[in-house]
Amino acid sequence: MNQDALIGAALLFLISIAVRIIPAFTRIRLSEQRSEEIKTILPIAVLINLMLYCVVSEASHHQSAALIGFGVLAVLILLRRVNLLLMVALASAAYLSVR
């Protein structure tokens, strides 16, 4: 496993801990409106951060494949009709088919 893959895995692990595990053990008192805003915005923000990290790391190695793969992912995200796991699978398939 190369260094970029290790950094990506570590980043995903840390984000998962911050988003899923820490909130399970701590209670932050928020208003109902603020809590709903966080539930709506946080998953999107995490996805955007991970996507940008992937774009930067992959575009430096395989520019055309990365452009097509992430383009497919962006279109699917904008459509909002496809399950997240299926989005990633389709974008990965597009990436690998060009690479």
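These numbers were taken from a predicted model, which means no experiment stands behind them. (Residues numbered from 1 in each chain as written. Predicted model: local features only at pLDDT ≥ 70, side-chain atom pairs only at ≥ 80, totals over all residues. Heavy atoms only, no water.)

## Side note on the pattern of salt bridges
Throughout the structure, instances matching the rule amount to one salt bridge. For Arg34, the salt bridge goes to Glu37, with nearest N and O atoms at 2.9 Å. With Arg34 and Glu37 both in helix H2 (residues 32-59) and three residues apart, this pair spans about one turn of that helix. Among the residues examined, Arg34 registers a relative accessible area of 45% and is labelled partly exposed. (Salt bridge = Lys/Arg side-chain N within 4 Å of Asp/Glu carboxyl O. Helix = DSSP H or I, 4+ residues; strand = E, 2+ residues; numbered from the N terminus. Buried < 20%, exposed > 50% of the residue type's maximum accessible area, 1.4 Å probe, protein only.)

## Looking at the packing of helix H1 (residues 3-25) against H2
Between H1 and H2, the least distance of the axes is 11 Å, while the angle of their chain directions is 170°. One element, H1, and the other, H2, form an angle in the roughly antiparallel class. Taken together, the residues of H2 that come into contact with H1 (itself represented by Asp4, Ile7, Gly8, Leu11, Leu12, Ile15 and Val19) are Leu42, Val46, Leu50 and Tyr53. Of the residues that constitute the contact of H1 with H2, the class distribution is nine nonpolar, one polar and one charged. (Axes fitted to C-alpha atoms, helices over the stretch in contact; angles between N-to-C directions. Parallel < 35°, antiparallel > 145°, perpendicular 65-115°, else oblique. Contact = heavy atoms within 4.5 Å. Nonpolar A, V, L, I, M, F, W, Y, C, P; charged D, E, K, R; others polar.)

## Details of the confidence of the model for the chain
Of the residues in the chain, 99% reach a pLDDT of 70 or more, and the chain-wide mean stands at 81. Mean pLDDT values over the elements of the chain span from 78, in H1, up to 87, in helix H4 (residues 84-98). (pLDDT = per-residue confidence, 0-100.)

## Quick notes on the nonpolar core
Membership of the largest hydrophobic core is limited to nine residues, which are Met51, Ala65, Ala66, Phe70, Leu73, Leu76, Met87, Ala91 and Tyr95. When residues of this core are traced back to their parent elements, those giving at least two are helix H3 (63-79) and H4. Top element by residues in this core is H3. It accounts for five residues. Those residues in contact with Ala66 that sit more than four places away from it in its chain are Glu58, Ala59, Gly71 and Tyr95. (Core = buried A, V, L, I, M, F, W, Y, C linked by side-chain atoms within 4.5 Å.)

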